[in-house]
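# Secondary and tertiary structure notes
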Amino acid sequence: MKKTIFALASVLLVASILPRPAFAGDALAQAQDAYAKVTDYTADIVDHEVKGTAVEDRTYAYSFLRPSYVKLTVTAGPGRGSGAVWTGGDQVSGHRGGILSGIHMKVSLHDPQATSLRGDTMDTGTIGAMLDQFKNAKGTVTESDDKTVDGMLTDELSLKTADPASMGGVTRVDLYISHATHLPVRRERYIGDQLVKSEKVTNQKLNTGLQPSDFPF
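Residues numbered from 1 in each chain as written. Predicted model: local features only at pLDDT ≥ 70, side-chain atom pairs only at ≥ 80, totals over all residues. Heavy atoms only, no water.

## Looking at the side chain of serine 63
Considering the arrangement of structural elements, one finds serine 63 in strand S2 (residues 54–65). Residue classification places serine 63 among the buried residues on the basis of a relative accessible area of 13%. In this structure, serine 63 is in contact with Tyr41, Thr42, Tyr69, Val70, Lys71, Leu210 and Phe215, ignoring residues within four places of it in sequence. (Helix = DSSP H or I, 4+ residues; strand = E, 2+ residues; numbered from the N terminus. Buried < 20%, exposed > 50% of the residue type's maximum accessible area, 1.4 Å probe, protein only. Contact = heavy atoms within 4.5 Å.)

Written out as C-alpha cells, the structure is:
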C-alpha cells in the first residue's frame, strides 16, 4: 500500500513540473491579452504574394495606432516610395513614389491601387486583424507548439478554412505567435499545398507614442 501511494505521489509530482500540454486557443488567448496592452506599434512587413503567374515581393514600413489608424510605405519592391494612410472608413489617402510622391489622392479602400496583388486591403495587415481571423474563424483551428521561425520560438495556429471561395480560394492560414512577445511574427496562406501569401513581421516596436497627427489623411 505504501509503495502504491509513493508511486502515485511520484507521478503527480512529475506531472506538476512538466510543461502543461497546450490546446488550440492557448496561444490565441495569450496573443489577445498581449495585444490588449498595445496602443500603437511600428514594424517592417516583408510580403510575398502569388496570384496565378504573377508574383510580388515587397517590404512595407507599417504603423498602427488604435482604434483604426494605419500608415504604410513601400520601402522595397514594386512601387517603392509609394505610401498610403487609412483612418477608418472606406477611403485611403495615398501617393505614388518618385517624382509623383507629392501628389496625394483619395481612393476607395478596395480600389486596386490601394490593395495588394491578392486584393488585401490595408486594414487586414494589423495585429488585430490577424488575431480576429482566428478568433472568428470559419473553419477548424489547431495549435502546434514550439515551432522555430527565423530563429524565434513560436506557437503555430493553423486554420483550415470552411469556405475557401470567400477567401480568394485560400484553404489554410498559418499564424506564428512569438513566445517572447506573444504577438504574431508571420502569417502564411495556402491554396492546397501552394504558398500564395507570406507576411513576415520584423523590427516591431510597441507603444511608441504615435499620435493621430502621424497619420495625415
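Moving on, there is more to tell.
## Quick word on the pattern of salt bridges
Under the definition given, this model contains 10 salt bridges. Linking arginine 172 and aspartate 174 is a salt bridge whose minimum nitrogen-to-oxygen distance equals 3.1 Å. We classify arginine 172 as partly exposed; its relative accessible area is 28%. Owing to a relative accessible area of 2%, aspartate 174 belongs among the buried residues under this scheme. Two residues, arginine 186 and glutamate 188, come together in a salt bridge whose shortest N-O distance is 3.6 Å. For arginine 186, a relative accessible area of 15% translates into the label buried. Counted as one network, the salt bridges with shared partners bring together Asp47, Glu49, Asp120, Arg187, Arg189, Lys197 and Glu199. (Salt bridge = Lys/Arg side-chain N within 4 Å of Asp/Glu carboxyl O.)

## Side note on the packing of helix H2 (residues 26–36) against helix H3 (residues 127–135)
At their nearest, the axes of H2 and H3 sit 11 Å apart, and the two run at 150 degrees to each other. Here H2 lies roughly antiparallel to H3, going by the angle between them. Here the hand of the crossing between H2 and H3 comes out left-handed. Taken together, the residues of H3 that come into contact with H2 (itself represented by Leu28, Ala31, Gln32 and Tyr35) are Ile127, Gly128, Leu131, Phe134 and Lys135. (Axes fitted to C-alpha atoms, helices over the stretch in contact; angles between N-to-C directions. Parallel < 35°, antiparallel > 145°, perpendicular 65-115°, else oblique. Left-handed = near helix turned anticlockwise from the far one by under 90°.)

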